[in-house]
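A look at the structure
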Amino acid sequence: MSSTATQLGKQDSAKPQPQLRALLVEDNALDAALVLRALYKDGFEVTADVVQDEAAFTRTLRAHPPEVVLADYNLPNWKGMEALKVLRSEGLDIPMILVSGALGDVTAVECIKQGATDYVLKDGLARLPGVARRALREKDERGLRQQAEQDLAKKVDELARSNADLEQFAYVASHDLQEPLRMVTAYTQLLAERYRGKLDENADKFIGYASEGAQRIAVMAEVLQTLAPAIQESGARVTHDALPVVWADRTQLAQVFQNLVGNAIKFRGKEPPVVSVKAEKTTHRWRFSVSDNGIGIAPEFAENIFVVFQRLHARTEYPGNGIGLAICKKIVERNGGKIWVESQPGSGSSFKFTLPRHDPDEREGAPS
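Below you will find a few notes about this structure.

Criteria and cut-off values
- Residues numbered from 1 in each chain as written.
- Predicted model: local features only at pLDDT ≥ 70, side-chain atom pairs only at ≥ 80, totals over all residues.
- Heavy atoms only, no water.
- Phe/Tyr/Trp six-rings, centres within 6.5 Å; stacked < 30°, edge-to-face > 60°.
- Helix = DSSP H or I, 4+ residues; strand = E, 2+ residues; numbered from the N terminus.
- Buried < 20%, exposed > 50% of the residue type's maximum accessible area, 1.4 Å probe, protein only.
- Salt bridge = Lys/Arg side-chain N within 4 Å of Asp/Glu carboxyl O.
- Contact = heavy atoms within 4.5 Å.
- Polar contact = N/O pair within 3.5 Å; in protein donor to acceptor, adjacent residues only side chain to side chain.
- Pairing = 2+ DSSP bridges.
- Axes fitted to C-alpha atoms, helices over the stretch in contact; angles between N-to-C directions.

When we look at a pair of aromatic rings, we describe it by the centre distance and by the angle of the planes. Enumeration over the complete set of coordinates arrives at five aromatic pairs. Between Phe-257 and Phe-353, the ring centres sit 5.5 Å apart and the planes meet at 65°, which makes this aromatic pair edge-to-face. With Phe-257 in helix H9 (residues 250-266) and Phe-353 in strand S11 (residues 349-356), this residue pair connects regions lying 96 residues apart in the sequence. An identical accessibility class is assigned to Phe-257 and Phe-353; each is buried. With 5.0 Å between their ring centres and 15° between their planes, Phe-288 and Phe-353 make a pair best called stacked.

Have a look at this one:
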């Protein structure tokens, strides 16, 4: 039997029928017609090619890929199960259903173990439409699952690249600032060593301020330098109080401020961004805040925004990959603090986080 195309289901045009392209491995024309008739009677509009050997099967598979393969188990010159090998060699995920005149339970189970989707006996073709629908549904579910896995892998790659970029930004900014800051620190310490107690009380105080300030200015200076293009483009005004020295990883802390200040600039309203960074001393911790006059956040999203890949806006509205705040949360919690947001839509946002005032090992269990 040569390869033929058969279409059933055009007779009833009043009711749309699901279309199905099938590839039959069958050497009996009557049996092939009965298989197609069973599908048609159950609502399928079937277009099918019928082949009986490997060469015709492979040729038709490449020319007209089917949605399902219906294969007789045992043909004179070829076994239907051999179709599985061809499908795999072609890299195709197409369900294959065995349609046989006689197939023992042991043989049927072994065929399914090898990869056949299911089997239907020729004297029970009424089962075939249901088996075909289930096979197609399972294929769709596999496709959705594979797509989800691919999307997740892509997001993981994006997260890794974003972390690497943030670390690189912080490193470059830190490297550029190290030398001038070392100079300021060295000379203020030299002033303190040589002249403390030799000038008046105010001079000692001023020297102390300069020495301490040279050390604490670094992180915010790095952040503002990194965000300089965004600040200039948006016309943003970023201010910060004198910030304390804390026990935390320097690079990671720069990432936190860079994400929070960067978001304040990005999610702005019609007016130029106004961003304020402050620190407040509590009993055992420093409470930092990054406040803005931006678009704000609805209270019901106050927790979701710290979940990785959670976005409140489309990428076409605001660029980004939905990981910045998740990184902030991880860093703050790793350093013994917590982070949250206080906001209302249209009224700006205030992101707040705490860090221990002393080495976390010394203050383990201290309340916020």
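Having seen the structure, we can now continue with the description.
This model, assessed by the stated rule, comprises 14 salt bridges. One salt bridge in this structure joins Lys-122 and Asp-31, with 2.8 Å as the shortest N-O distance. With Lys-122 in the loop between strand S6 (118-121) and helix H5 (128-195) and Asp-31 in helix H1 (residues 29-41), the pair connects residues that are 91 residues apart, well separated along the chain. As a salt-bridge pair, Glu-342 and Lys-352 come within 3.1 Å of each other at their nearest N and O atoms. Taken as a pair, Glu-342 in strand S10 (residues 339-343) and Lys-352 in strand S11 lie far apart in primary sequence, ten residues in all. On the basis of relative accessibility, which here comes to 41%, the residue Glu-342 falls in the partly exposed class. Judged by its relative accessible area of 19%, Lys-352 falls in the buried class. Taken together, the shared-partner salt bridges in this structure form one network comprising Glu-26, Asp-31, Asp-72 and Lys-122.

This next bit is on helix H2 (residues 54-63). Residues Ala-56, Phe-57, Thr-58, Thr-60 and Leu-61 constitute the buried set of H2. Looking at the buried side of H2, the elements it contacts are strand S2 (19-25), strand S3 (45-51), strand S4 (68-71) and helix H3 (82-89). You can read the cap of H2 off the contacts: a side-chain oxygen lies 3.3 Å from the backbone nitrogen of Ala-55, and it is on Asp-53.

Attention now moves to the environment of Met-220. By the secondary structure assignment, Met-220 is in helix H7 (residues 218-226). With a relative accessible area of 2%, Met-220 lands in the buried category. Put simply, Met-220 and Leu-253 are 33 residues apart on the chain and 9.5 Å apart in space, counted from C-alpha to C-alpha. Setting aside chain neighbours within four positions, we find Met-220 in contact with His-240, Leu-243, Phe-257 and Val-277.

Pairing is mixed across the open sheet formed by five strands, whose spatial order is S7-S8-S9-S11-S10. Of all strands in the sheet, those bounded by a partner on one side alone are strand S7 (237-240) and S10. Here the strands of the sheet are splayed against their neighbours by 15° on average, with no regard to which way each runs. Two elements, strand S9 (residues 285-291) and S11, share seven bridges in a ladder whose sense is antiparallel. Counterpart to Ser-289 in the pairing with S11 is Lys-352. This element, helix H10 (residues 324-334), spans S10 and S11 of the sheet and lies at about 25° to S11.

By themselves, these observations are geometric and do not establish any function.
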